[in-house]
Amino acid sequence: MGESVLTAGAEPGFRRENGELVCDGVSLGLIAADVGTPVYVYSAASIKSQFEKLSSVLAEVPHRLHYSVKANSNLAILGQLRRHGAGVDVVSGGEMYRAQSAGFKGSDIVFSGVGKTERELIEALALGVLLINVESEDELTLLDQVAGRLGVAAPVALRVNPEVMVDTPHPYTRTGGKGMKFGIPFDETLIVAQRALGMKHIRLIGIDMHVGSQISQFEPYEIGLARLMQLWHEIGASGASDLRYLDIGGGLAVSYDAGHAVDIDGFAAVVRRMVPPGEVKLILEPGRFLVGNAGILLTRVLYRKRSGGKNFIIVDAGMNDLIRPSHYNAYHRLEAVNPTGARTTADVVGPVCESGDFLGLHRDIDDVQPGELMAVHSAGAYGFVMSSNYNSRPRVAEVLVDKGRYGMVTEREQYSDLVRKERLEPEWRSAE
Ligand SMILES: Cc1ncc(COP(=O)(O)O)c(C=O)c1O
């Protein structure tokens, strides 16, 4: 198969029409005028295209894409992916609630996460989820007890830490290395599996890994898959007769600088080589790959200033709206919606009272002036979901563009939302 070399311009989503940056033909200027800024804007066509691309390269392998809800948990996006045929991967009771609200059934849901509470395990069992990816022996023991109380058998995959080094852009996006909090250490998994096989209310039906995020070289998948298949056979030889799900997590990269897309044909070739045909049902948990490039954060320039010999562009979006630059030192391409051709070098910063509040440092950038719009590209994954009310800034709106129309899918918070759960006077309770 040929290499997938895709540039942002050839894809659905964000491109220039008559000089203006638009989203699938819809004017970003119009959206900003209507719903205000900052605002996240998503392209439904881009999400669909990513979903179809990944599904088609894996067509020969029995599989299901379980979208990783944490990447972008907006109900409209969940609903769209459900209609495309996706299942979901959730990591909390809250995400499970969202998935149900978007129409997913228990059998569509894989429940991952290193610290599931008893309440969450009960909720997952009551809902009849497809798989609970168990990350420790303690969790397995609790799950066995909870399932016993409910009179059900818990469908379990063991999340293995395959102990592979992953070269991701930031250490915080590596999860499959030795000594990390995630998964059961590789050399202990067989013993835990044998214990699981002896538990009355556990049905061991899969194994799982997630090696990291923003991965563009596939060696970690290859090594991880080899380890998982080794365990698969060892666990089978220990008496597991019901193993069927091989969950290889998420992690596929997107391009943050409009460069080459990840080579998903190469990824699929690794999967085909490593996964024996017929024996297993493959589960993938892509998040970023499906939605990362499908969204931008649209922001308006408030002020320009010079300080210490540097230019600053102060915009109305801050680190509370998009924390990736500050938290992961992540690069996001920044562009004027209506560039004039003039360029400058500047730090693009937000209004939050933190020196770490920036969207880009020392950027060669369009010489945007106060009042003009800028796009922060590739903000569809781990953008809005990681936003907060820090500095008592209301969370921003989200807009979906589909088939030449746009619609608000999250309303902008109001000041009153900031204090909705608070009390000016505590409801005092006696400590006796
Ligand atoms: C268990 C698990 N699955 C899937 C994902 C999704 O990763 P990505 O968005 O890189 O595809 C994550 C992200 O951290 C994860 O922890």
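Residues numbered from 1 in each chain as written. Predicted model: local features only at pLDDT ≥ 70, side-chain atom pairs only at ≥ 80, totals over all residues.

Asker: Help me understand the overall build of the protein, please; the structure alone is not making it clear to me.
Answerer: A tally of regular secondary structure across the protein gives twelve helices and 21 strands. Compactness check: the protein gives a C-alpha radius of gyration of 23 Å against a globular reference of 22 Å for 432 residues, within 12% of the reference. Each principal axis of the C-alpha distribution contributes one length, and for the protein these read about 70 × 70 × 40 Å. Expressed as a percentage of the 432 residues in the protein, the buried residues total 46%. Intrachain contacts of the protein at a sequence separation of at least 6 include 71% that bridge at least 24 residues. (Helix = DSSP H or I, 4+ residues; strand = E, 2+ residues; numbered from the N terminus. Rg over C-alpha atoms; globule rule 2.2 N^0.38 Å. Buried ≥ 20, exposed ≤ 12 C-beta atoms within 10 Å, placed from the backbone. Contact = placed C-beta atoms within 7 Å.)

Asker: What should I look at first to understand the domain arrangement of the protein in this one?
Answerer: By the assigned domains, the protein splits into domain 1 (1-43 + 289-432) and domain 2 (112-286). Taking the mean C-alpha position of each, domain 1 and domain 2 sit 33 Å from one another. (Domains from an automatic or database assignment.)

Asker: Help me understand helix H6 (residues 137-150) in this model?
Answerer: In an α-helix, one turn spans 3.6 residues, which is why side chains three or four residues apart end up on the same side. Helix length check: H6 (14 residues) gives 20 Å between terminal C-alpha atoms against 20 Å at 1.5 Å per residue, within 8%. Buried within H6 are the following residues: Glu139, Leu140, Leu143, Asp144 and Ala147. Buried positions in H6, seen along its axis, are confined to an arc of 140° and lie on one side of it. Away from its buried face by more than 90 degrees, H6 exposes Asp138 and Arg149. Buried residues in H6 make contact with helix H5 (118-127), strand E8 (131-134), strand E9 (154-161), helix H7 (186-197) and strand E11 (202-208). (Expected span 1.5 Å × (residues − 1). Arc of directions from axis to C-beta.)

Asker: Explain the sheet that holds strand E3 (residues 26-27) to me, please; I cannot follow it from the model alone.
Answerer: In a beta sheet, neighbouring strands pair by backbone hydrogen bonds and run either parallel or antiparallel. If you trace the three strands from one edge of the open sheet to the other, you get E1-E2-E3, paired in antiparallel fashion. The open sheet terminates on both sides in strands that have one partner only, identified here as strand E1 (14-17) and E3. (Pairing = 2+ DSSP bridges.)

Asker: What's the story with the confidence of the model for the protein in this structure? I'm lost.
Answerer: Low pLDDT means the predicted coordinates in that region are not meant to be read closely. When pLDDT is averaged along the protein, the result is 94; 96% of the residues meet or exceed 70. Within the protein, the element-level pLDDT minimum falls on helix H11 (residues 324-328), averaging 95, and the maximum on strand E4 (residues 39-43), averaging 99. Confidence drops under pLDDT 50 across residues 1-9; counting only partners more than four residues distant or on other chains, this segment forms 16 contacts. (pLDDT = per-residue confidence, 0-100.)

Asker: Is there a simple way to explain unusual backbone geometry in this structure?
Answerer: Negative phi characterises most residues that are not glycine, and trans characterises most peptide bonds. A cis geometry characterises the amide bond from Thr37 onward to Pro38, with omega recorded as -5°. Tracing the chain through its elements places Pro38 in the loop between helix H1 (28-35) and E4. A positive phi angle is found at Asn18, which is not glycine, with a value near 50°. Here Asn18 is to be found in the loop between E1 and strand E2 (20-23).

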